[in-house]
Amino acid sequence: EEIEDKSFSLAQAIMSTQSWGGQAQAVNAGVGIFFQQEPDGRVYVKTVVKGGSADRDGNVCVGDIITMVEERSVLGEPLPVLRSLILGPQGTNVNLTFVREGEQGENTFDVQLTRGTAEYFSALDNAASKVNERRRSVQHGGYGAHSASIGRQSYGGPMATPPNMGMGASMSNDRMSPEGDDDVESLRLRQRQVLATAAAHKEEIERLRRMIMHERHDMEMREKEMKDMESRHREEAGRLSDQMRKADASRRDLEAQLLPMEQRIQDMEEEIAKGKDKERLRKEYIEELKIKFEDQIATLEQALLSEQNQRREDLVARHQAEGILTRVNAELKSAFNLLGIPGPKL
């Protein structure tokens, strides 16, 4: 039981977010994954950091698409939002949901990863290894449990600061009992672990500082690009405004030119309407003349027919009269011949 308590206290010394004297402050960390966002809004795993939480877990691969963080959908969310959801104090867990596309379709799976840097996990592994070595030495030495109990009673618990750790480190071995030597060794081990944690935290802070500087540089570049785009947009808006003003002026000029043309078109339409009226009247007049002409033709034809009938009757009467005259002449000639009188020449 004492051995388990000691190993737990050493692990806690590595995972603590605030160590002795306030020398190391709480550090936020991720899970060792670099993401990249596609134009359609999906975010996929671009890189898995070697030695990080995802690499140690072994389930997440490059190309996997993240869909949820702690049962919250992140589909379409920008990378800063996703980063804020994943980052947290080192040593805490976060639940992520991924989708992996394969030949047989999409496969959805969940993973629980511990936040922390690769250095953090390396220090944790080293601490666990040293704890195991210490456990074996205590088991073989036979007095480790008793010294651990004394150490906790003397210094107020596994995370308390020993008041004379520096002085105890300089004392000679012949003046210290085996139990005191074990306590000093345990405290030295804790000191090394805390220093390792502080170094890891320092490296993490430096990494975050570089990351912040990089993001700041990217933000400045994006801000500069935005300003350039805004300047170009203003120039484009000014150019478009000038073009619109010129277009309005051209439109007004065209409208001014179209007014007389429209007046001429209206006059022409009126002339065409008058011409159509005249044409209609002319056609009506021609139609009336045609009717009158047809009536006159019919009257003349009737008169001609009457004249022709009259002529035929006169011709018949003439022929009859000539026949009668011929017969009368013949009878007169016969009478004169009978009388022996020469008749008149007819």
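This text follows the structure it describes.
What you see is a predicted model; the values in this text were computed from it and never measured.

### Considerations on the overall build of the protein chain
Along its length, the protein chain carries seven helices and eight strands. By residue count, 23% of the 346 residues in the protein chain fall in the buried class. Across the protein chain, contacts joining residues at least 24 apart in sequence account for 60% of those joining residues at least 6 apart.

### Concerning the environment of N126
Tracing the backbone through its elements, the reader meets N126 in helix α4 (residues 118–141). Linking N126 and A196, residues 70 residues apart in sequence, is a C-alpha distance of 9.5 Å.

### Some remarks on the nonpolar core
Membership of the largest hydrophobic core comes to 18 residues, with the highest contact counts inside it found for I33, F35, I66, L96 and F98. Where this core is concerned, the elements lending two or more residues are β2 (33–37), β3 (43–48), β4 (65–69), α3 (79–86), β7 (93–102) and β8 (105–114).

### Quick word on the pairing of β4
Counting buried positions over the five residues of β4 gives four, a clear majority of the element. Sheet topology note: the β3/β4 ladder contains two bridges and is antiparallel. Residue pairing across strands places V43 opposite I66, the latter belonging to β4. In this sheet, β7 lies alongside β4 in antiparallel orientation, the contact comprising four bridges. Looking at β7, one finds that M68 is bridged to T97. In this structure, β4 lies alongside strand β5 (residues 72–73), joined through two bridges in antiparallel fashion. Bridge pairing in β5 places V69 opposite R72. The turn joining β4 and β5, which pair antiparallel and follow one another in sequence, is formed by two residues; a positive phi near 55 degrees is taken by E70.

### Comments concerning unusual backbone geometry
If you check the backbone angles, E70 has positive phi at about 55 degrees while not being a glycine. Mapped onto the elements, E70 comes out in the loop between β4 and β5. Judged by its relative accessible area of 39%, E70 is partly exposed. You will see that E71, though not glycine, has its phi angle at about 65 degrees, which is positive. Its place among the elements puts E71 in the loop between β4 and β5. Judged by relative accessible area, E71 falls into the exposed class, the value being 74%.

### Regarding the side chain of T117
On the secondary structure map, T117 appears in the loop between β8 and α4. Within the structure, the side chain of T117 is placed 3.3 Å from the side chain of E119, a separation counted as a polar contact. For T117, the contacting residues outside a window of four places in its chain are A29, Q90, E204 and R207.

### Observations regarding the environment of T97
Mapped onto the elements of the fold, T97 is located in strand β7. Each C-alpha atom, one on T97 and one on I65, is 8.5 Å from the other, the two residues being 32 residues apart in sequence.

### Here we look at the side chain of S53
Considering the arrangement of structural elements, one finds S53 in helix α2 (residues 53–57). Only 2.8 Å separates the side chain of S53 from the backbone oxygen of T114, close enough to count as a polar contact. Ignoring any residue separated from it by four or fewer positions in sequence, one finds S53 in contact with V31, L113, T114 and F121.

### Thoughts on the packing of aromatic side chains
Under the counting rule described, the total for this entry stands at two aromatic pairs. Both rings, one in F98 and one in F109, keep their centres 5.8 Å apart while their planes meet at 20 degrees; by these two values the pair is stacked. With F98 in strand β7 and F109 in strand β8, this pair connects stretches of sequence that are eleven residues apart. Overall, the relative accessible area of 0% leaves F98 in the buried class. Taking the relative accessible area as the measure of exposure, F109 reaches 15% and is therefore buried. Summarising the aromatic geometry, the rings of Y120 and F121 are spaced 5.3 Å apart at their centres and angled 75 degrees between planes, so their arrangement reads as edge-to-face. Summarising the burial analysis for this pair, Y120 and F121 share the class buried.

### So, a nonpolar patch on the surface
Residues L254, L258, M261 and I265 make up a contiguous nonpolar surface patch of about 350 Å² in total accessible area. Structurally, the position occupied by L258 is in helix α7 (residues 178–339). When its relative accessible area of 38% is taken as the criterion, L258 is described as partly exposed.

Procedures and definitions
- Residues numbered from 1 in each chain as written.
- Predicted model: local features only at pLDDT ≥ 70, side-chain atom pairs only at ≥ 80, totals over all residues.
- Heavy atoms only, no water.
- Helix = DSSP H or I, 4+ residues; strand = E, 2+ residues; numbered from the N terminus.
- Buried < 20%, exposed > 50% of the residue type's maximum accessible area, 1.4 Å probe, protein only.
- Contact = heavy atoms within 4.5 Å.
- Core = buried A, V, L, I, M, F, W, Y, C linked by side-chain atoms within 4.5 Å.
- Pairing = 2+ DSSP bridges.
- Polar contact = N/O pair within 3.5 Å; in protein donor to acceptor, adjacent residues only side chain to side chain.
- Phe/Tyr/Trp six-rings, centres within 6.5 Å; stacked < 30°, edge-to-face > 60°.
- Patch = residues over 30% accessible without salt bridge, like charges linked within 9 Å, V, L, I, M, F, W, Y side chains within 5 Å.
- Areas by Shrake-Rupley, 256 points an atom, 1.4 Å probe, with all protein chains shown as cover.
- Salt bridge = Lys/Arg side-chain N within 4 Å of Asp/Glu carboxyl O.

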